Every structure is written in structure tokens, then in C-alpha cells.
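# Coordinates in review
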Amino acid sequence: MQSLNYCNISIDRIDSVIAKEKKCDFSILRLDKTHEEISGNKIFKLKYYLQKAIEEKKDILTWGGAFSNHIVATAAACKMNGLKCIGIIRGEEPAEYSHTLHHAKMMEMQLQFVSRQNYRQKTIPASVNTNNYIIVKEGGYGKIGAKGAADICSFFKSENYSHIICATGTGTTLAGLINSCNGSTKKIGISALKNNKSVFTEVKALLTDTTSEFEIIHDYHFGGYAKHNTALIDFMNAFYKKHFIPSDFVYTAKCFYAVEDLIRNGYFPEGSNILALHTGGLQGNFSLNKGTLMF
Ligand SMILES: *Cc1c(COP(=O)(O)O)cnc(C)c1O
């Protein structure tokens, strides 16, 4: 299997008319370039869970949905590190596997399908001896995940940026950035979920300094988690055409859309130097109908 190319990570300056007009600079950290399918931030979040598993001679158990970037990343990371893993998947086993599930299975993740009810309660199947597993919460949420995400800051000089922005699901990546990036740089999360206001507290719980400031913006979910509309798809195609940067419809497209919209609305003061994270997730686009995207 293809390994990860951290040296491919670049910072791409976006030649944006609206940014120029508002005298802002907009760049994207291309964490998506480390691997074709395994998303950028997930591998970072997994790093110290994997290390713990190797040290304690354990395997990995985690949770996710049928299109989860976290499931694919866990399957791949375990395979690369010679660990076994169990993925507990939300919902009954489908007759036809999604691209995500198929890929995870090919990488030898043991898939266990549970009802939505059981999934919500995060019960571990009785057949699993939990002593043999490092349990990784859905999306890698936790202090260990945030510690891994903090390593993302080593790929740019945070003091050069006035604002750092990322798409937010569990908030683990955002917490990592808050913990390790320059204190005066503003950290902003664009929530990929609808009205998930509790994420603020969940991020706070992962902070090494709980007085650190950050903001989570809830206006760019496009109807909810993994929901999309023509405006978002058109934006993704136009963004690719102009900048040659592919995005995913669950997270990064909503984040980049938000950055441009916030610039347009004067959210950023003149002279702002904005860095948005491309957190990967491109494998999720396989769930869209063929031909929806031009990339
Ligand atoms: C999971 C994911 C996120 C959200 O990360 P959190 O640490 O859960 O907030 C953002 N972008 C992409 C592409 C993801 O796959």
C-alpha cells in the first residue's frame, strides 16, 4: 500500500478576487496531499493512539459510519503499522458496501455492524476482549487525538498568520491547533454539523490551557452533516477549476466556502493573513453520483 508523503504538504496561496478586494491573504495547507485517499487530519489524530497500541502490544477498536474518513484512515494506519483493528459500523450490514467500507475491508479491518441504537450507546460487542484493544472514540476524539493533531502546526509558521481555520466535526483537530499554534493567532472552526453547539465544550475539554480563546462558526453546514446542495457542488467545481484544489463535500468545501464568504462579509480585518487547513477527506466524494464533480 502507498505510504504517506509528508514532504508533499504545501501551502498554496489562493489567488482570490474577493480576498484581494478586501486586502486579505488566503492560503490553504494541503494536508490532503499526503495520500490519495487517507484524509490529512485523521492520520495525525491517530498517531499517538497507534503508538500506545504498539507499546502496549494491543490492537485498535473504533467506531464510524459507512462513509467515515476516520474508518478508512484507521484501517490504513493499522495496516501500515502491523496492527489489527475492529471498526464498529453504524447500521445494518448493507447488501452493497460503500467505497469506504469496501476499502476498509480490503485493508483487513474487521467490520462489525451494529444497530443505530447500539451504535449510539457505543456498547462494545461482548465477543471483544477489551483488554487487548486501545479504544479510539469516534473521529479520534480525545486528548490523545488532539496531541496528534497538534503536530499539524509543525508544517507552517503559525506566527505568520492572523487566523487559522479548519472544518470541525468532533473538534479534536481544532483543539490540537489551539494547543500548539501561536497564542495571538485566532483559531476558528467551521462546524460541519447543524446546531452542534456542544462542540465548544468538547473542544474546551481537550485544551491544555482552558483559557485559550477560539471560535466555532455554525453558519456553513449547508443543511447538516454530509448534506449538500447545488450551491456547494458548484462552489467545489469552480474552486477546482480556478485553483486546482479538490475538496470534499462533507468538510473542506464547507470550510473554504466559509472563508470566502466571511472575507466577503468583512469578518476579517484588512491585512489579515488567513490559513485554512485542507484536512483531506476526498474519499468521501465517492458517495456522490458519478459526474457530479469535475475532479
Ligand atoms: C474528520 C474530518 C474533519 C473534522 O475533524 P475533527 O477533528 O473531528 O473536528 C475535518 N475535515 C475532514 C476532511 C475530516 O475528515
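Refer to the structure printed above.
Description of the structure in this document. Quick caveat: nothing in here was measured; it's all calculated off a predicted structure.

### Looking at the pattern of salt bridges
The final tally for this structure, using the stated rule, is 11 salt bridges. Residue glutamate 138 pairs with lysine 122 through a salt bridge whose shortest N-O separation is 3.6 Å. One end of the pair, glutamate 138, is in the loop between strand S6 (133-136) and helix H6 (143-150); the other, lysine 122, is in the loop between helix H5 (116-121) and S6, with 16 residues separating them in the sequence. When its relative accessible area of 32% is taken as the criterion, glutamate 138 is described as partly exposed. Counted as one network, the salt bridges with shared partners bring together Asp12, Arg30 and Asp32.

### Some words on the site of the ligand
Close to the ligand lie 15 residues, the nearest being Lys42, Asn69, Thr170, Thr173 and Thr279. Within the side chain of asparagine 41, a nitrogen or oxygen atom sits 3.1 Å from an oxygen atom of the ligand. Protein contact buries 98% of the 380 Å² of open area that the ligand shows by itself. Within the residue set of the shell around the ligand, elements represented by two or more residues are helix H2 (40-55), strand S7 (163-168) and helix H7 (172-180). Broken down by element, the residue count for the shell around the ligand peaks at three residues, all from H2. Of the residues contributing to the shell around the ligand, the split by class is two nonpolar, 11 polar and two charged.

Rules behind the numbers
- Residues numbered from 1 in each chain as written.
- Predicted model: local features only at pLDDT ≥ 70, side-chain atom pairs only at ≥ 80, totals over all residues.
- Heavy atoms only, no water.
- Salt bridge = Lys/Arg side-chain N within 4 Å of Asp/Glu carboxyl O.
- Helix = DSSP H or I, 4+ residues; strand = E, 2+ residues; numbered from the N terminus.
- Buried < 20%, exposed > 50% of the residue type's maximum accessible area, 1.4 Å probe, protein only.
- Near = heavy atom within 4 Å.
- Polar contact = N/O pair within 3.5 Å; in protein donor to acceptor, adjacent residues only side chain to side chain.
- Areas by Shrake-Rupley, 256 points an atom, 1.4 Å probe, with all protein chains shown as cover.
- Nonpolar A, V, L, I, M, F, W, Y, C, P; charged D, E, K, R; others polar.

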